[in-house]
Structures are given as structure tokens and as C-alpha cells.
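Structural features, examined
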Amino acid sequence: MPIKRIDELDLKGKRVFIRVDFNVPLKDGSVTDTTRIDAAIPTIQHARDAGARVILASHLGRPKGKEVADLSLAPVANELSSKLGCEVKLAPNCVGDEVSDLTGALQPGEVALLENLRFHAAEEKNDPDFASQLAALADVYVNDAFGTAHRAHASTAGMAALVGERAAGFLLRKECDYLGRVMSDPERPLVAILGGAKVSDKIVVIKSLLERVDTLLIGGAMAYTFLRAEGTGVGNSLVEEEHIELAGELRDEAARRGVALLLPSDHQIAPAPDAAQQAQTVSGAIPDGQMGLDIGPETSERYDEAVKRARTVIWNGPLGMFEVPPFDAGSMAMANALADSPATTIVGGGDSVAAVVRSGRGADITHISTGGGASLEFLEGKTLPGLAALE
Ligand code: AMP
């Protein structure tokens, strides 16, 4: 069954439990970046306008199953109250009599925020008893937390089947729509760009994308394992010796499928990541004693050309050690290439999202995924428990 969106349900007078992602950064008891709170507002506001009694729940940090005062959602409740222009009642817990009294007394349009779900170890264990206590609070279950959709926790999976009706919030549905478009029936050519540190982390996603894409561009440190498989010298670059053979097999698989798999042809190199002042560009083999730390300008241009021909682009993983300039140049160029492209452009993964944000071109990307791990598992073709629970 397809996943419903919150605006397909009648919420009037119902107790609507919305699993949101309020895992925000805090400093001295204040929220330092409200992006995640802002992103949840359309779903919350829709529920209020539709006459729902709104119950919000999230995890925050890693309290490891214990009550940790510094990880209370109180600062989020304050922030949310001012953004919504109404009082958001913070429950003292997320289950128990006090919580059901408080949520049971909500009037249509009113909002309560449950305390940090991960104060209970039962949340991450997907404990059935805990899940049914959460479910008992609600008539409708809505999930709008894509970042935890790849986890089978009580609030993301266990409770869903125990509530009468289920739907995705606007954020979660947008993630499914855009990432789903890459996985089935994309506008072609479909170009994927994969970067990051390790081939081993991306084996499953590479295999999955080889079944779907027209062109696969490889960057980041994992390119050196592929280049080694071709017999190209890579100096002291990061290489996963145990995966060289696999990289060769993936290259052969791409050729069999008619997928153009492109590797860097020039590099930004230095003796070490902390020797940026000695950075230089090299074409072809990397000399001994030098590390490849970013794709070079010629590679950037080749990759830019491939992006220009695409109708759909998905990017996951930085193309170099982008935290250390000048080794951010390749990732900045890619961010600009996507931003300038008229194609549907999708960026997932914490580091590539950070690179796009740093480029200042985020507004020109069609969809920036909010979940690093979840977007990778989606692209691997895995069934995400949080999505399966809504079907
Ligand atoms: P991942 O978590 O696998 O997506 O990898 C992201 C990390 O890969 C970032 O911290 C980058 O600094 C790092 N990285 C990307 N390219 C390189 C490279 N050529 N050499 C070393 N580290 C790299």
C-alpha cells in the first residue's frame, strides 16, 4: 500500500502523534541551530489547522536510556512556542499517567511535546510494551523524521501498527518522493556522484546504483582504491588494499551494464592533509610520498560536463578532504555544477550536504536530504523500517 501523506487524513479532534526530528544542537540551554525545528513546522501547523490535538515526540542526543537534564527537550519547547505563536506544553516524560493526562486534556489545535524518547532504553530496543504505551496516546500516527527512518525503534516502527491510522509528514514524504525518483523511473540521463573516505562503506550503494544510473562519477579517497585496481600509482593516498579486487569487479560490472564509470584523471596532492601549503596539482599517477586529497581541475571539468548532460543527479559523499582548504575545491565545484544544472538535483549524506551549505548554493538544489544514514540505505535499495511501518 502506498504511504499516505498527513493531508490525506481527517485529523479533526483526533490525537495526532507526530514523530519529529528535534535532535538539535544545544549550548548553555539554548538551541543554536533551529533548522530542524523550522523544517517540522509545516506538518505541525497543518495538523493544528486541521483541528488535531498535536502530540510531538523526538529523541535528542545520546542519553543512553537514562534521564539526562542537559538533554531535556525544554529548550526546544520554548523555541517551538515562539515559532508557532502558541504555548507548547512540555510533558515531564514520554509515557505514564502524567503524560496521558496532559495529552488527553489537549484541545483541538493545542500542542504538547513529550520528553526525550531516548531517556528510555526501551525506545531504541523497540520494546513492544513501550511501543504500546506510546501508541495508547494517539488516534493517528505521523512520522516526519526521515533521519531515523532507517532505525526500527519504538517511536519510528513499533508503535505505528498499534495506532488506527498512519501517514507521513510533509518532510518525510518529500524525501520518499525525491529519493524514490532516483530508484525508479528517473528522468534520464541519471548521473550519480559518489565520494567519501571508503569504498567499503559504499559497496552496497555502488552495486545498487550500477543497476540504475547512466553515469557514475567517483571522487574522494575511495577513488584511489579504484585507480589502484587499474594499476595507476596513487602514492600515499588512502587505499583499502582488501577491496582493490572488488573495485576492479565493480568497474567490470559497470562496463557490462553500459554504465560510464568515471574516475579522477588529475588530483590535488600534498605530502599530508596538514601540509596544505605544499598542495599542488598532478595529472595521472600520484608520486610516492604524496597523497591525493581532492580531485583536480581537469576532473572537475569532466564531471561538470557529465552533470550538464543529466536530467537527474544524485550526490553522496565529498570529492576530497573538503574540511581543509584548498582540498574543498572539487566539492565546491560540484556544488556549483549541481546548483547551475536545470536537472532534478538531490544531495544526501552529512558531508556533501555540509559542502553544499558551505558553497552558499543550497537554495539552488532541488532536494537536500535531511538524513545521512537513511538516504544511503534508501539508495542501497533497503526497506527502511520507518517507511515500511507506514505502508
Ligand atoms: P564518508 O564518511 O565515507 O562519506 O567520508 C567523508 C570523509 O572523507 C570526509 O571527512 C573527507 O575529509 C574524507 N575524504 C574525502 N576525500 C578524501 C581524500 N582524498 N583523502 C582523505 N580523506 C578524504
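Residues numbered from 1 in each chain as written. Predicted model: local features only at pLDDT ≥ 70, side-chain atom pairs only at ≥ 80, totals over all residues. Heavy atoms only, no water.

Next up on the list: the site of the ligand. Near the ligand, the surroundings consist of 16 residues, among which Ala197, Ala221, Gly292, Glu323 and Asp351 are the closest. Contact distances for the ligand include 3.0 Å between a nitrogen atom and a backbone N or O atom of Gly292. Burial of the ligand by the protein amounts to 82% of the accessible area it has alone, namely 500 Å². Taken together, the residues of the shell around the ligand break down into seven nonpolar, four polar and five charged. (Near = heavy atom within 4 Å. Polar contact = N/O pair within 3.5 Å; in protein donor to acceptor, adjacent residues only side chain to side chain. Areas by Shrake-Rupley, 256 points an atom, 1.4 Å probe, with all protein chains shown as cover. Nonpolar A, V, L, I, M, F, W, Y, C, P; charged D, E, K, R; others polar.)

Strands sit in the order β13-β12-β14 across an open sheet of three strands; the sheet is antiparallel. Single-partner strands in this sheet number two, and they are β13 (280-283) and β14 (291-295). In this sheet, adjacent strand axes meet at a mean angle of 45 degrees when their direction is disregarded. The pairing of strand β12 (residues 266-270) with β14 spans four bridges and is antiparallel. When the bridges of β14 are listed, Gln268 appears paired with Asp294. (Pairing = 2+ DSSP bridges. Helix = DSSP H or I, 4+ residues; strand = E, 2+ residues; numbered from the N terminus. Axes fitted to C-alpha atoms, helices over the stretch in contact; angles between N-to-C directions.)

Enumeration over the complete set of coordinates arrives at 22 salt bridges. With a shortest N-O distance of 3.1 Å, Lys308 and Asp304 are connected by a salt bridge. Here Asp304 and Lys308 lie together in helix α11 (residues 297-309), a separation of four residues that amounts to about one turn. In this structure Lys308 comes out as exposed when scored by relative accessible area, which is 55%. Classification of Asp304 as partly exposed rests on a relative accessible area of 23%. Where Arg361 meets Asp364, a salt bridge forms, and the shortest distance between an N and an O atom there is 3.1 Å. Classification of Asp364 as partly exposed rests on a relative accessible area of 38%. (Salt bridge = Lys/Arg side-chain N within 4 Å of Asp/Glu carboxyl O. Buried < 20%, exposed > 50% of the residue type's maximum accessible area, 1.4 Å probe, protein only.)

To continue, consider the nonpolar core. Counting residues in each nonpolar core, the largest one holds 72 residues, and the members touching the most others are Phe17, Leu114, Leu134, Leu216 and Phe226. Of the residues forming this core, the biggest block, six residues, is contributed by helix α7 (residues 170-183). Taken together, domain 1 (6-171) and domain 2 (178-379) each give at least three residues to this core, which thus spans both. With near-sequence residues (within four places) excluded, Leu134 lies in contact with Phe17, Cys94, Val95, Leu114, Leu117, Glu123, Ala154, Ser155 and Met159. Within the second largest apolar cluster, 32 residues are counted, among which are Ile44, Val76, Ala77 and Leu84. (Core = buried A, V, L, I, M, F, W, Y, C linked by side-chain atoms within 4.5 Å. Domains from an automatic or database assignment. Contact = heavy atoms within 4.5 Å.)

Turning our attention to the domain arrangement of the protein. When its domains are assigned, the protein resolves into domain 1 (6-171) and domain 2 (178-379). The interface of domain 1 with domain 2 comprises four residues on the first partner and nine residues on the second. Summing the contributions of domain 1 and of domain 2, the shared interface buries around 530 Å²; its carbon and sulfur component is 68%. Inspection of the domain 1/domain 2 interface yields zero residue pairs in polar contact (both at pLDDT 80 or more). (Buried area = accessible area lost by both parts, 1.4 Å probe.)

Right, let's get into the pairing of strand β10 (residues 215-218). Burial along β10 is two-sided: the residues Thr215 and Leu217 and Leu216 and Ile218 are all buried. Each parallel crossover has a hand, and for strand β9 (residues 190-194) linked through helix α8 (residues 203-210) to β10 it is right-handed. Summarising the sheet, β10 and strand β11 (residues 260-262) pair through three bridges and their orientation is parallel. What sits directly across from Leu217, in β11, is Leu262. (Right-handed = clockwise from strand over helix to strand, strands pointing away.)

This brings us to the pairing of strand β16 (residues 344-348). Among the five residues of β16, five are classified as buried, and the element is accordingly described as predominantly covered. Burial along β16 is two-sided: the residues Thr344, Ile346 and Gly348 and Thr345 and Val347 are all buried. One ladder, built from five bridges, connects strand β15 (residues 312-316) with β16; its direction is parallel. Across the sheet, residue Val313 finds its bridge partner in β16, namely Thr345. The parallel pair β15 and β16, bridged by helix α12 (residues 329-340), forms a crossover whose chirality is right-handed. In this structure, β16 lies alongside strand β17 (residues 367-368), joined through two bridges in parallel fashion.

Now for the packing of helix α9 (residues 222-229) against helix α10 (residues 244-257). The N-to-C vectors of α9 and α10 enclose an angle of 80 degrees; their axes lie 8 Å apart at closest approach. In terms of their interaxial angle, α9 and α10 are classed as roughly perpendicular. For the pair α9 and α10, the contacting residues are Thr225, Phe226, Arg228 and Ala229 in the first and Ile244, Ala247, Gly248 and Leu250 in the second. Classifying every residue of the contact of α9 with α10 gives five nonpolar, two polar and one charged. (Parallel < 35°, antiparallel > 145°, perpendicular 65-115°, else oblique.)

A sheet is described by the order of its strands in space; here six strands give the open sequence β11-β10-β9-β15-β16-β17, paired in parallel fashion. The open sheet is flanked by β11 and β17, the only strands paired with a single partner. Here β9 pairs with β15 via five bridges, running parallel. Within β15, the position partnered with Leu194 by the bridge is Asn316.

On to the environment of Ala355, then. The topology assignment puts Ala355 in helix α13 (residues 350-359). Here Ala355 falls in the buried class, since its relative accessible area comes to 0%. Sequence separation between Ala355 and Phe119 is 236 residues, and the spatial gap between their C-alpha atoms is 33 Å. In this view, Ala355 contacts Trp315, Phe322, Ser331 and Met332; residues no more than four positions away in its chain are not counted.

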